[in-house]
Amino acid sequence: SCPKVKIIISGPNSYKCTYDLNSSEYQAFPLTAGSGSYTIGIYENIEGTAYSTAYSMVLEANILDEFSPYLRPSQYVNYNANTYAVTLASQICADASSDLDCVSIIYNYLIDNITYDHAKAENAVSGNLTGYLPQIDESLSAGKGICVDYAAIMTCMLRTQRIPTRLEVGYAGNAYHAWISTYIKDVGWVNGIIQFDGKSWSLMDPTFGAS
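This section reports on the structure supplied with the text. Since the structure is predicted, the reported quantities are computational estimates derived from the model, not experimental observations.

The next thing to look at is the sheet that holds strand β2 (residues 16–20). An order of β2-β1-β3-β4 is seen for the four strands of this open sheet, with the pairing classed as antiparallel. If you trace the sheet from one side to the other, it starts and ends with β2 and β4 (50–61), each paired once. On average, each strand axis in the sheet is inclined to that of its neighbour by 20 degrees, with strand direction left out of account. Alignment of strand β1 (residues 5–10) against β2, held across five bridges, turns out to be antiparallel. In the strand pairing of β2, Ile8 is matched with Thr18.

So, in C-alpha cells, the structure goes:
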C-alpha cells in the first residue's frame, strides 16, 4: 500500500543498484556482477527521504552466461515477443554484415525516426517523471521521447539481435546523459559506443571503437 517503494540490489562486487518499484506488474532486474552473493532489500518510504526495511534476503547466483543480463528484458528495457521494436530490429538488420553494421543500422533508423521530446525532458528535470520507466513501443509509435526512451529502444533492438548491450544513465554537471555500451565479437565491450550529451546523440566511429 506504500506509494513509494525501492529495491536495492547489492552484488558480490559491492556495487549497489537502486530501482523504484512503482508497478504491481512482474518486473525483472539484472544481476550484473556475475556469480556470487546478492543482497536484495525492499524499502518503504516513511516520510521525506526516509525509508524503512520491509524485506531483505540474500541469494546465491550461479550465472552460467556472463552476457545473459545484457541479452534479456529488464525493468528499464521491458519487451517481449509481441513488442514491435523486436520485429522491426529483425527486419532492418536482416542484411547486416556484422554486429557493428547492425549497431549502425539501428542507430541511423532511430536518428531518422525519433525526435527529442523537450516538453517531457523539462518534466524530467523538474522531477515530475520521478520513477519514469520507458515504454518502448509507445515512444517508437509516437516518434519522440527523452534520452532514456531512445536508449531503451536501442538496447531492446540490439539485445534481440543477440548483441549484448548495457544501458546506463547519469549526470555530468547539470546535463542528463545516457550511453549504450555493446559487446562486439572479437573486439570486446565497446563502452559508450552511442552517447547522448544532453543535446544530441552520437555514434562512436566503429574503427575507434574496435581499437
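One pass over the full model with this rule turns up three salt bridges. The closest approach of N and O atoms between Asp20 and Lys6, which form a salt bridge, is 2.6 Å. With Asp20 in strand β2 and Lys6 in strand β1, this pair connects stretches of sequence that are 14 residues apart. The exposure class of Lys6 is partly exposed, given its relative accessible area of 24%. Here Asp149 and Lys120 are joined by a salt bridge, their closest N and O atoms 3.4 Å apart. Taken together, the positions of Asp149 in helix α5 (residues 147–159) and Lys120 in helix α3 (residues 118–125) put the pair 29 residues apart, joining distant regions of the chain. A relative accessible area of 1% places Asp149 in the buried class.

Mapped onto the elements of the fold, Gln27 is located in the loop between β2 and β3 (36–47). Within polar-contact distance, the side chain of Gln27 engages the side chain of Gln75 at 2.6 Å.

One finds Ile106, Leu110, Ile136, Met154, Met157, Ile194 and Trp201 to be the most contacted residues of the largest nonpolar core, which totals 35 residues. Breaking this core down by element, the ones donating at least two residues are α1 (84–92), α2 (99–113), α4 (136–142), α5, β8 (175–184) and β9 (188–196). With nine residues, the single largest contributor to this core is α5. With sequence-adjacent residues up to four places away left out, Ile136 is seen in contact with Val77, Asn78, Tyr79, Thr83, Ala85, Ala152, Ile153 and Cys156. With nine residues, the next largest nonpolar core counts Val5, Ile9, Tyr19 and Tyr38 among its residues.

Let us now look at the pairing of β4. Two faces, one strand: in a regular strand the side chains alternate between the faces of the sheet. As paired elements, β3 and β4 share eleven bridges and run antiparallel to each other. Residue pairing across strands places Glu44 opposite Ser52, the latter belonging to β4. Connecting β3 to the next strand, β4, in antiparallel fashion are two residues, including Gly48 with a positive phi near 55 degrees.

This brings us to the packing of α2 against α5. Closest axis-to-axis distance for the α2/α5 pair is 10 Å, and the angle between their directions is 145 degrees. In this structure, α2 meets α5 at a crossing whose hand is right-handed. Note on element contacts: α5 touches α2 through Tyr150, Ile153, Met154, Met157 and Leu158, opposite Val103, Ile106, Tyr107, Leu110 and Ile111. Residue classes in the contact of α2 with α5 are distributed as ten nonpolar, no polar and no charged.

Each value, and the rule that gives it
- Residues numbered from 1 in each chain as written.
- Predicted model: local features only at pLDDT ≥ 70, side-chain atom pairs only at ≥ 80, totals over all residues.
- Heavy atoms only, no water.
- Pairing = 2+ DSSP bridges.
- Helix = DSSP H or I, 4+ residues; strand = E, 2+ residues; numbered from the N terminus.
- Axes fitted to C-alpha atoms, helices over the stretch in contact; angles between N-to-C directions.
- Salt bridge = Lys/Arg side-chain N within 4 Å of Asp/Glu carboxyl O.
- Buried < 20%, exposed > 50% of the residue type's maximum accessible area, 1.4 Å probe, protein only.
- Polar contact = N/O pair within 3.5 Å; in protein donor to acceptor, adjacent residues only side chain to side chain.
- Core = buried A, V, L, I, M, F, W, Y, C linked by side-chain atoms within 4.5 Å.
- Contact = heavy atoms within 4.5 Å.
- Left-handed = near helix turned anticlockwise from the far one by under 90°.
- Nonpolar A, V, L, I, M, F, W, Y, C, P; charged D, E, K, R; others polar.

Taken by themselves, the reported measurements are silent on function.
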